[in-house]
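What the coordinates show
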Amino acid sequence: MRLLKRLFAPKPKTQAHVVRRAVEVIDRVIFDVGIDTLVCGTFVLDRRLRVRFVGAPLARRRGVVAAVQVGDVAESEALRALAGEAIDAALVKGHCASLAHALVRELGHQAPKLRALPPAEAAKR
């Protein structure tokens, strides 16, 4: 029962929650299918402000309020440079965090609902 309450309980959303979710998605994609697939794919934001990854360029679909191709974001070049090398986990984590912030920033340009979320500092007050 406790698990169901945690799953379905409304959580206060902040921009930091969305960035953390983007970092989780980036980590999962890198270690499941690789950096090349990540850079060629698209991040989408749905009406409920959930960040998702699609492995190909995506035209707007029903339910999607914002979409950004990862390769179009300047921060993706740092990850692309690592594609041929042995992956150092600490280095990748740093690049993932900067890429996640950049992706959420770009998604926010298209989604006023995301921009309206309070930043992490305002939520703690």
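Our subject is the structure listed above.
Analysis parameters
Residues numbered from 1 in each chain as written. Predicted model: local features only at pLDDT ≥ 70, side-chain atom pairs only at ≥ 80, totals over all residues. Heavy atoms only, no water. Phe/Tyr/Trp six-rings, centres within 6.5 Å; stacked < 30°, edge-to-face > 60°. Helix = DSSP H or I, 4+ residues; strand = E, 2+ residues; numbered from the N terminus. Core = buried A, V, L, I, M, F, W, Y, C linked by side-chain atoms within 4.5 Å. Buried < 20%, exposed > 50% of the residue type's maximum accessible area, 1.4 Å probe, protein only. Contact = heavy atoms within 4.5 Å. Expected span 1.5 Å × (residues − 1). Salt bridge = Lys/Arg side-chain N within 4 Å of Asp/Glu carboxyl O. Pairing = 2+ DSSP bridges.

Before going further, it helps to examine the packing of aromatic side chains. Within the structure shown, the criterion is met by one aromatic pair. Ring geometry for Phe-43 against Phe-53: centres 5.7 Å apart, planes inclined by 65 degrees, an arrangement best described as edge-to-face. In this pair, Phe-43 sits in strand S1 (residues 42–46) while Phe-53 sits in strand S2 (residues 51–54), placing the two residues ten residues apart along the sequence.

Before going further, it helps to examine the nonpolar core. Ile-26, Leu-38 and Leu-114 are the most contacted members of the largest nonpolar core, which totals 31 residues. Put simply, the parts of the chain that give this core at least two residues each are helix H2 (15–33), helix H3 (35–40), S1, strand S3 (64–69), helix H4 (76–82) and helix H5 (89–110). Element by element, the count of residues in this core is highest for H5, at eight residues. In contact with Ile-26, not counting residues within four places along its chain, are Leu-38, Phe-43, Cys-96, Leu-99, Ala-100 and Leu-103.

A word on H2. What sets the pattern is the α-helix's 3.6 residues per turn: residues three or four places apart point alike. Between its first and last C-alpha, H2 extends 27 Å over 19 residues, near the 27 Å set by a 1.5 Å rise per residue. Along H2, the residues classified as buried are Ala-16, Val-18, Val-19, Ala-22, Val-25, Ile-26, Asp-27, Val-29 and Ile-30. Positive backbone phi, at 110 degrees, marks Gly-34, one or two positions downstream of H2.

In this section: the environment of Ala-111. Residue placement: Ala-111 occurs in the loop between H5 and helix H6 (112–115). Residue classification places Ala-111 among the buried residues on the basis of a relative accessible area of 2%. In the structure, Ala-111 is positioned 47 residues away from Val-64 in sequence and 9.8 Å away in space, judged by C-alpha atoms.

Looking now at the pattern of salt bridges. In total, this model carries seven salt bridges according to the counting rule given. The closest approach of N and O atoms between Arg-80 and Glu-77, which form a salt bridge, is 3.8 Å. Taken as a pair, Arg-80 and Glu-77 lie in helix H4 at a separation of three residues, close to a single helical turn. When its relative accessible area of 38% is taken as the criterion, Arg-80 is described as partly exposed. On the basis of relative accessible area, Glu-77 is assigned to the partly exposed category, the value being 41%. Residue Glu-106 is joined to Arg-105 by a salt bridge in which the shortest nitrogen-to-oxygen separation is 3.6 Å. One network of salt bridges, in which partners are shared, links Asp-46, Arg-50 and Arg-52.

This brings us to H5. A rise of 1.5 Å per residue sets the reference length of H5, with its 22 residues, at 32 Å; its end C-alpha atoms lie 31 Å apart and thus fit the reference within 8%. Taken together, the buried positions of H5 are occupied by Val-92, His-95, Cys-96, Leu-99, Ala-100, Ala-102, Leu-103, Val-104, Leu-107 and Gly-108.

We now examine unusual backbone geometry. Even without a glycine there, the phi angle at Leu-49 is positive, about 60 degrees. Counting through the fold element by element, Leu-49 comes out in the loop between S1 and S2.

The next point concerns the pairing of S2. As defined by bridge partners, S1 adjoins S2 across four bridges and the pair is classed as antiparallel. Of the residues in S2, the one forming a bridge with Val-44 is Arg-52.

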